[in-house]
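Read off the chains here:
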Amino acid sequence: RHYLNMYKRAQLLEDPSMAAYVKRLTAEINRLEGNWGAALTGYRAAMEAAQQSNGDGQEEALAALGAGLAMMHSSDKELREQRIDPTMRMATASSYFVRALELAREQGLLKVEQDALMELSALAESAGDIPLALKYHQEYSVVKDSVLNADKAKAVSVLAIQYETEKKEQQIVLLGKDKEVQAKEIQKQKLVRNGFIGGFALVALFAGVFLFQRNRI
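Residues numbered from 1 in each chain as written. Predicted model: local features only at pLDDT ≥ 70, side-chain atom pairs only at ≥ 80, totals over all residues. Heavy atoms only, no water.

1. Some points on the packing of helix H3 (residues 36–52) against helix H4 (residues 57–73)
Thinking step 1. Here H3 crosses H4 at 155°, and the two axes come no closer than 8 Å. The orientation of H3 with respect to H4, classified from their angle, is roughly antiparallel. Seen along the crossing, H3 lies across H4 with a hand that is left-handed. Touching Trp 36, Ala 39, Leu 40, Tyr 43, Ala 46, Met 47, Ala 50 and Gln 51 of H3 are Glu 59, Glu 60, Ala 63, Ala 64, Gly 66, Ala 67, Leu 69, Ala 70, Met 71 and His 73, all from H4.
Thinking step 2. A per-class count over the contact of H3 with H4 returns 13 nonpolar, three polar and two charged. (Axes fitted to C-alpha atoms, helices over the stretch in contact; angles between N-to-C directions. Helix = DSSP H or I, 4+ residues; strand = E, 2+ residues; numbered from the N terminus. Parallel < 35°, antiparallel > 145°, perpendicular 65-115°, else oblique. Left-handed = near helix turned anticlockwise from the far one by under 90°. Contact = heavy atoms within 4.5 Å. Nonpolar A, V, L, I, M, F, W, Y, C, P; charged D, E, K, R; others polar.)

Below, the structure is given as structure tokens:
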């Protein structure tokens, strides 16, 4: 319902980019629930919306990748309902993966590129085109290493930020403790000073009384 409301708002605002995003997320939900036919419909609609949004390459790439996966998992009946010839399943899925790959390379989307290459390699192998399958697999391995390196760099960056954050928090805590110690020391000094003043006043009082009594004698 939340995504449906977002989609309606996107329509009202005539925002194809937002509509593409919401349609893709709705398709993702259907995919996770195993509703591959509905997922395929959503991904294809998201691709169309992305193309209308002055070329939202990232959304179209993600939608194309999803559409290829949905093509491979949808039943023959679900494909026919969308006027897709089941015998063209692999060829159509391949075209979606190729589109996802092209856009991923244009947009620098390494994870999408990796997934598209993996699927294309599997499709080529299923079709008996071993040289093409090997080519895609080799490219996949290179991109996979790049993704791993990027993930490691990101993890190191996150750890560095976390370390700096914790260090600053510790400094703040220590500063707070220092201020607390200083406050206690100031309070102690005030007590000593007040005690001294009180004692001096008491001595002065006794001295005054003593002198008064002496003068009377």
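2. Observations concerning H4
Thinking step 1. Given a rise of 1.5 Å per residue, 17 residues ought to cover 24 Å, and the 24 Å separating the end C-alpha atoms of H4 matches this to within 8%.
Thinking step 2. Summarising burial for H4: 12 of the 17 residues are buried, a large majority.
Thinking step 3. Every buried residue of H4 is accounted for by Gly 57, Glu 59, Glu 60, Ala 61, Ala 63, Ala 64, Leu 65, Gly 66, Ala 67, Gly 68, Ala 70 and Met 71.
Thinking step 4. Buried-residue contacts for H4 involve helix H2 (16–32), H3, helix H5 (76–81), helix H6 (89–107) and helix H7 (110–126). (Expected span 1.5 Å × (residues − 1). Buried < 20%, exposed > 50% of the residue type's maximum accessible area, 1.4 Å probe, protein only.)

3. Digging into unusual backbone geometry
Thinking step 1. Even without a glycine there, the phi angle at Arg 83 is positive, about 60°.
Thinking step 2. Mapped onto the elements, Arg 83 comes out in the loop between H5 and H6.

4. Quick notes on the environment of Ser 126
Thinking step 1. Relative to the assigned elements, Ser 126 resides in helix H7.
Thinking step 2. Residue Ser 126 is classed as exposed on the basis of its relative accessible area of 58%.

5. A closer look at the environment of Ala 39
Thinking step 1. Inspection of the secondary structure puts Ala 39 in helix H3.
Thinking step 2. Taking relative accessible area as the criterion, Ala 39 reaches 0% and is therefore assigned buried.
Thinking step 3. Here the alpha-carbon distance between Ala 39 and Ala 67, two residues 28 residues apart in the chain, equals 7.6 Å.

6. Section: the packing of H4 against H6
Thinking step 1. Remark: H4 packs on H6, axes separated minimally by 8 Å, with the N-to-C direction vectors making an angle of 160°. Viewed along their axes, H4 and H6 adopt a mutual orientation that is roughly antiparallel. Every pair of crossing elements has a handedness; the one defined by H4 and H6 is left-handed. Together, Gly 57, Gln 58, Glu 60, Ala 61, Ala 64, Leu 65, Ala 67, Gly 68, Leu 69, Met 71, Met 72 and His 73 of H4 and Arg 89, Met 90, Thr 92, Ala 93, Tyr 96, Phe 97, Arg 99, Ala 100, Leu 103, Ala 104 and Gln 107 of H6 make up the contact between the two elements.

7. Quick notes on H7
Thinking step 1. The end-to-end C-alpha distance of H7 is 24 Å, a good match for the 24 Å that 17 residues give at a rise of 1.5 Å each.
Thinking step 2. Looking at the residues trailing H7, positive phi occurs at Gly 128, about 85°.

8. Here's the deal with the nonpolar core
Thinking step 1. Within the largest apolar cluster, 33 residues are counted, with the highest numbers of intra-cluster contacts made by Leu 40, Met 71 and Val 112.
Thinking step 2. Looking at this core, the elements that each hand over two or more residues are H3, H4, H6, H7 and helix H8 (130–216). (Core = buried A, V, L, I, M, F, W, Y, C linked by side-chain atoms within 4.5 Å.)

9. A closer look at the pattern of salt bridges
Thinking step 1. For the structure on display, the rule yields 10 salt bridges.
Thinking step 2. Two residues, Arg 24 and Glu 28, come together in a salt bridge whose shortest N-O distance is 3.9 Å. Placement of both Arg 24 and Glu 28 in helix H2 is noted, with a separation of four residues, approximately one turn of the helix. Residue Arg 24 shares its accessibility class with Glu 28, and that shared class is buried.
Thinking step 3. Note that Arg 99 is salt-bridged to Glu 102, the shortest N-O span being 3.6 Å. (Salt bridge = Lys/Arg side-chain N within 4 Å of Asp/Glu carboxyl O.)

These figures capture arrangement, not role.
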